[in-house]
Structure formats: structure tokens, C-alpha cells
Amino acid sequence: MKSISKTPFLLAASLASAGALAFLTGCGGSGNETNTAASTAKGTSPAEQSYVAPGEKDDYYLFYSGGHSGQVFVAGIPSMRHISTIPVFSPYPGTGYGFDEESKEMLGDYTWGDVHHPGLSKTDGNYDGRWLFVNDNANNRVARIDLRDFKTKQILGPIPNSSGNHGSSFLTENSEYVLVATRFSVPLPKGRYVPLEDYEKEFNGVVSGIKVDSESGEMSMGWQVLTPPFNWDLGSTGKGPSSGWAFWTSYNTEMAYDTLEMKASQADRDYAAFVNWKEVEKAVAAGEAEIVDGVPVIDPEKTKGLMYFVPVGKSPHGIDVDPSGRWIVASGKLQPTTTVFDFEKVLAAIANKQFQDEFRGVPVLDYNAILEGEVPVGLGPLHTQYDGKGNAYTSLYIESVVAKWKMPPWSAEEKANLESVVTDKMPVHYNIGHLVIGASDTKEPYGDWLVAMNKLSKGRHLSVGPAQPESSQLINITGEKMEMVYETYTEPEPHFAQILRADLVKPIEVYPKEENHNPNAVWQLDQAEVVRKGNVVEGKIVAVRSRFGPDRIEAKVGDELVLHITNVEQSTDMIHGFALVEHDVNVIIDPGETKTLRIKLTKPGVFPYYCTNFCSALHQEMQGYLEVKPADDVALAD
Ligand SMILES: [Cu+2]
């Protein structure tokens, strides 16, 4: 049942009667019936616009990067309430992630990651609500979160030949690939030592195509394209006329390997890379790649026509394709303008060989031949998002502002004075990095809310000491002028986010029993058992309100304890946990799930185990004992 739209007067203070509220808003129900976008109506107060009453739901999911926490945070829009933490690259006892064997295996040898840019899966250029991909800048990985259960399902990496996976996760129009570029360059293949003095000659970066299985979402290495040792930065993917292309900016075309702060800011222009990934696919199929560390790598110096360089003003950071796919907007963070390229002119320039230069065999497109205009947005432009109504919004780090400007096509008058296309500026607090508009990277942006992710917050919240709480701001963009609506705390360290319409996702609430194919799952207390095989004590354990079966396990020092714990519940929100006192483990099992815990028993004693996730009035009674006898106890030997 769809709840009735919230009306401006609904939230007037006089309307406090619970009965009236229930009448006007419907009963809530289950699933993703939401509040509606009517809440963005202009003329209502900011408080009314972001207010989502108790029991009502938000219109959108906001997935925002958790940076070096290794996690993804989920909030609702417009309330900005934090509603979930999805652990990806770091253990998280709140959901037991990283304690059971299944998630430990995914994490591998790493206990953290540096999450930067979440990317939603797409079908035909629009979000399809299936998966969310995120990158790990530190350990060169990409992870896939399934939006059926909001859990991390795969971590791919470390990616061969890739060092510093910052320039991702960018999904192609039909999620054929997650596209990735390296931030750092190193001697390839990885593991080879070359002195830094040989940086220009011996170091390289790559852009990678990570293949995504259209049914399962499973990622695998596709191909890579070798690049000079520039530092690749943010990117985006094409659509419409730019379908099949991908774009990344770079800084450090100076190829400095020390004091980059100074040396990498010398050149007036750095290069963006325009990569035709469909041509890369063809070249790989034609056998033109060299296998480096198991991956087909194309050298654009040898295979022409798949990579072009485009000069962009001083140390660019973001490059964003508009919803039509024709306009490519790149911003140099050390210049006061943002540059609009016309992709139709790009195609013509390639056809007519309008090259101003060549760098290591890669043609450099003639800047003036493909330029549509340099828009004087202000100081420190970084990223641009689109509302789908002909407007662009660029974050200005130095100015601490979001600048709104009109996209081309421009009139001759506008073109002669591009200052006139900058129509509004909204101060943000402070030093904005990324900004996000829902579905800005698709064919059909939502165009109602913008979230500013600010890098420095300086006193925006109650003081909690030197670590200033981070700050994100919600801006209504439905009117001619932007309107600041709400400010919220964000867990560090937000980099980028994606906004998804809530009705595009239908998460499950229990894992259906018939989908559990774990051979060690048991569903009845009388099937639960613990057996010894040599020095392995292996148990099939039932967790049910409110007991563990069995609630007594015997072992001895030196044994390996392996427990397969099945939460046999099939009702919503009936989650059980399994913590073993003084053994640093906490496994959380959702309804219908089986998780495996494996630990070496090294100390004698009697150790209680108990349920960590509140499950019933008798939750406190949900406990058992692990008896660990001394190693020389002969009665326990086989
Ligand atoms: Cu429990």
C-alpha cells in the first residue's frame, strides 16, 4: 500500500493527534512504501521538507562511502537518518562480519580497506537496484554488495598491475564492467624493484575492465590498458553518443615521484584519458594483448584507436558525463573554471585526426576542436552532478560552495559571456569534496535532492575533541535557487555516495530455508550434534528462541573447534548471535542462515557462550558452556 503524500500542513505543530496522523499517512505496512517526493515542495520550511515522521519511511537510500573505516553507510533521504552500516573491507562485530569463516575468507589477509566511490549497477543506462560496487584504494580491490540482503558478497583483488585503486567504481551502461584506474604507478608486474629515479621509464599505471556476470554479479578480471605514469583520478562512463567510452582525469602528467604537491602542479594542463572500452574488448579478442600477471594488457602505443588524451586545466579531479552522454565536464582543481567538452566534436576530431600532439603514441586531441566552453564556476572546482533538467552542480572546494549552472546548448549571447550561465551558489560547511544527486550518472536523474559531502567541518557539531565530526548537508534543488535543508553527522570518511529510489529495491527479510544448501545446516534441536574427529571437534548447532542446541560442548586444549550454527527462525528480525567468552569471536546469524566458526582452543577452562543479538524476553537465558579440559585428559581421546 502506498502511503498518502505528506502535505505541507500535515506537519504543523497543531497536528499532533496520533489518530489524525494515521489517517493521513496510512498504516505504514511492510516493505518499501515510502513517503513521497511531495516533501520537496517549495514553500514548506526546511524542517518540514526533511521530516519523516515516526513509522514513515524515506523516499531514497543514500549509500555513502565509509572511507578508511572500510564500510559503506546507508541513510534515508530526506531524513538523513543513518539506518545501516554495511561492512565491506573491515570486520564489524555489529553484524558479525569478519568473524565467521565465510566472511573471513572474503577479507583474506586484510583487516581494512579505503572505500571511495560506490557505484550502482545499471541496466540500459539506469539504476536497476541489483548491486552496489565499491573500491578499496589501499589494497586494490573492488567489492560487490547485493541489494537483495545488503551484504558484501564478493571482494575481488588485489587487482594485478594496479596500485592505488582510486579511480573506480564506474559501471558501464549495462554493468558489463566495473571500470578502474590506478592512482599510483609502480614498476610492472608488481613485485619488481626499480629505483624511483627510473620513474618515467619503468613505472606504469593501468586502467582495468573488471567483468561483471550479468546473472550473478560475479566479478572477474577482464583486461587492462597500459598508461604512462600519471596519477589517474576520478572517472565516469559514457552513454548515448559516448556509449562504449570511459573517461578519467589525471594529475601529475609531470611524472614527478617526490614533492608532488609542488612538482605535480607545474603544467597548465594535465591529460584526461578517453578510452573506448569496446575497442579494447575487440583488441583483446584479436590477440593484441600481452599477458602480464595473468591479465591481458593492451599497450596503446602499439594498438591505436582505443585511447586518446585530452588536455584539461590544472590538476583535474572530476570528470562527469551528463545524462544525454554528449557533454563531458572536467574540472581542474587549481583553476576557477570547469570545462565542457562536446563528445560529438570529440568523435569528429578523432575522425579528422585533429590532434595537437602525441604522448607515447597516444594522440592528444586538439583542445579547441572539442571544447564547448569554460564555465567560470568559481575557485577549486572538483565534481559535477546533473539534475536532468539542464542544470549542472559543481562542488568548489576552495570556495566552499556548490555552483549551479546551465548546461549547453547555450545561446550565442550566453556563449559570449559564460558567467551568465552560473545561476546560483550555495555555501556549504566547509570545503566540499564530492556532491551527489540521485541517478546523476544515469539517463534519468532524480533531480530533487543534492547531498554535499564536506571535507572539513570545523565546529558544525558539539565538540568531541580534536576529531571534528564530519558533516554532510542536504540541499533541495527543485527550485530555481538551491535551498539548504538539513545538516547531519557523517561517519568518517565520506568520499562519494549514490542515491537510489527506495522502490527499486525489495530486500528480503529472512533467508528462505529452501535456499540454504549448507550441508552442515540443521533445523531441529534433536538433529544438533557435536562429534570429535581426531583433534577437531565439529558441531552442527541450532540457534532458536531462546536456546542453543546443544548448550554444552566438550573439548580439550589443542583441539580445533568448528561450529556450524544455523538460525532456524523464519520470522522477521529474529537474529541470533554467538559469542564465546574470552575467545574474540562474535558470529551473527540471520534467520535461515548457517555460519561457520573455526577456532583453535589454547587454554583450559569453562567458557560461557551466549547470544549477542537480542531475540526474546528470554534472550538473557540463551547461553551454553564450552568445557575445555587439559590436553592430557585421556577420557576425551579417540
Ligand atoms: Cu538469540
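Calculation criteria
- Residues numbered from 1 in each chain as written.
- Predicted model: local features only at pLDDT ≥ 70, side-chain atom pairs only at ≥ 80, totals over all residues.
- Heavy atoms only, no water.
- Pairing = 2+ DSSP bridges.
- Helix = DSSP H or I, 4+ residues; strand = E, 2+ residues; numbered from the N terminus.
- Buried < 20%, exposed > 50% of the residue type's maximum accessible area, 1.4 Å probe, protein only.
- Donors = N, O, S within 2.8 Å, 3.2 Å for Na, K, Ca; no water.
- Core = buried A, V, L, I, M, F, W, Y, C linked by side-chain atoms within 4.5 Å.
- Contact = heavy atoms within 4.5 Å.
- Phe/Tyr/Trp six-rings, centres within 6.5 Å; stacked < 30°, edge-to-face > 60°.
- Lys NZ or Arg CZ within 6 Å of the ring centre and 35° of its normal.
- Axes fitted to C-alpha atoms, helices over the stretch in contact; angles between N-to-C directions.
- Arc of directions from axis to C-beta.
- Polar contact = N/O pair within 3.5 Å; in protein donor to acceptor, adjacent residues only side chain to side chain.
- Salt bridge = Lys/Arg side-chain N within 4 Å of Asp/Glu carboxyl O.

(A) Structural view of the pairing of strand 42 (residues 605-610). Note: strand 39 (residues 576-580) against strand 42, two bridges, orientation antiparallel. By the bridge assignment for strand 42, Ala 579 is matched with Tyr 610. When strand 42 meets strand 43 (residues 623-629), the two strands line up antiparallel, connected through six bridges. From the neighbouring strand, Tyr 609 faces strand 43, where its bridge partner is Gly 624.

(B) Focus on unusual backbone geometry. Following Gly 157, the chain continues into Pro 158 via a peptide bond in cis, with omega recorded as 0°. By secondary structure assignment, the location of Pro 158 is in the loop between strand 7 (151-156) and strand 8 (163-171). With a phi close to 55°, Asn 140 is a non-glycine residue in the positive phi region. Within the secondary structure layout, Asn 140 lies in the loop between strand 5 (126-136) and strand 6 (141-146). Assessed through its relative accessible area of 8%, Asn 140 is described here as buried. The phi torsion at Asp 584 lies on the positive side, around 55°, for a residue other than glycine. Mapping Asp 584 onto the fold places it in the loop between strand 39 and strand 40 (585-589).

(C) Representation of the pairing of strand 25 (residues 381-386). Counting buried residues in strand 25 gives six out of six residues, a clear majority hidden from the surface. The sheet contact formed by strand 25 and strand 26 (residues 391-396) spans four bridges and is antiparallel. Note on strand 26: the bridge partner recorded for Thr 384 is Thr 394. Remark: four residues form the turn of the hairpin made by strand 25 and strand 26, two consecutive strands paired antiparallel; Gly 388 in that turn has positive phi of roughly 80°.

(D) Expanded view of the coordination of the copper ion. Taken together, His 576 (ND1), Cys 611 (SG), Cys 615 (SG) and Met 622 (SD) make up the protein donors of the copper ion, found 2.1 to 2.7 Å from the metal. Of note, the copper ion draws all its donor residues from one chain, in the sequence arrangement H-x34-C-x3-C-x6-M. Looking at Cys 611, the relative accessible area reads 2%, which means it is buried.

(E) Focus on the nonpolar core. With 40 residues, the main nonpolar core has Leu 62, Phe 63, Val 72, Ile 77, Leu 147, Val 451 and Leu 500 as its most contacted residues. Looking at this core, the elements that each hand over two or more residues are strand 1 (60-65), strand 2 (71-77), strand 5, strand 6, strand 30 (449-454) and strand 33 (497-501). Not counting chain neighbours up to four residues away, the residues in contact with Val 72 comprise Phe 63, Tyr 64, Gly 66, Ser 84, Thr 85, Ile 86, Val 88, Val 115, Leu 132, Val 134 and Ile 145. In this structure, Tyr 177, Trp 232, Met 255 and Val 364 belong to the second largest nonpolar core, which totals 28 residues.

(F) Structural context of the packing of aromatic side chains. Applying the stated criterion across every chain, the model contains 28 aromatic pairs. Aromatic side chains Phe 274 and Phe 343 sit 6.5 Å apart centroid to centroid with 25° between the ring planes, which places their arrangement in the stacked category. Taken as a pair, Phe 274 in strand 15 (residues 269-276) and Phe 343 in helix 7 (residues 343-351) lie far apart in primary sequence, 69 residues in all. With relative accessibility at 0%, the residue Phe 274 sits in the buried group. Accessibility expressed as a relative area gives 0% for Phe 343, which makes it buried. One aromatic cluster is present, built from ring pairs that chain together Trp 245, Phe 247, Phe 274, Tyr 308, Phe 341, Phe 343, Phe 355 and Tyr 367. One cation-aromatic arrangement involves Arg 269 over Tyr 367; the distance from NZ or CZ to the ring centre is 3.8 Å. The ring of Tyr 251 has Lys 333 sitting right over it, with the charged end atom 4.7 Å from the ring centre.

(G) The sheet that holds strand 21 (residues 338-342), seen in detail. Pairing is antiparallel across the open sheet formed by four strands, whose spatial order is 19-20-21-24. Edge positions in the sheet fall to strand 19 (316-321) and strand 24 (371-375), since each of these pairs with one other strand and no more. For this sheet, the mean angle separating the axes of adjacent strands, direction not counted, is 20°. Where strand 20 (residues 327-332) meets strand 21, five bridges bridge the pair, whose relative direction is antiparallel. What sits directly across from Ala 330, in strand 21, is Thr 339.

(H) The arrangement of helix 6 (residues 277-285) in detail. Buried within helix 6 we find Trp 277, Val 280 and Ala 283. Here the buried residues of helix 6 occupy an arc of 110° about the axis, which is enough to place them on one side. Those residues of helix 6 that are exposed and angled more than 90 degrees off the buried face are Lys 282 and Ala 285. Considering only its buried residues, helix 6 is in contact with strand 9 (177-184), strand 12 (219-227), strand 14 (245-251), strand 15 and strand 17 (295-298). You can read the cap of helix 6 off the contacts: a side-chain oxygen lies 3.2 Å from the backbone nitrogen of Lys 278, and it is on Asn 276.

(I) Representation of the pattern of salt bridges. Counting across every chain of the model gives 35 salt bridges. Between Glu 414 and Lys 406 there is a salt bridge; the shortest N-O distance is 3.3 Å. Across the pair Glu 560 and Arg 598 runs a salt bridge, and its minimum N-O distance is 3.5 Å. Of this pair, Glu 560 sits in strand 38 (residues 560-567) while Arg 598 sits in strand 41 (residues 594-600), and the two are 38 residues apart along the sequence. Glu 560 gets classed as partly exposed once you look at its relative accessible area, which sits at 22%. Among the residues examined, Arg 598 registers a relative accessible area of 36% and is labelled partly exposed. A single salt-bridge network, built from bridges that share partners, covers Asp 100, Lys 151, Asp 590, Glu 593 and Lys 595.

(J) Up close: the sheet that holds strand 40. The five strands lie next to each other as 37-43-42-39-40, forming an open sheet whose pairing is mixed. Looking at which strands have only one partner, the edges of the open sheet turn out to be strand 37 (552-556) and strand 40. Within the sheet, the average angular offset between the axes of one strand and its neighbour, ignoring direction, is 20°. Where strand 39 meets strand 40, five bridges bridge the pair, whose relative direction is antiparallel. Bridge pairing links His 576 to Ile 589 in strand 40.

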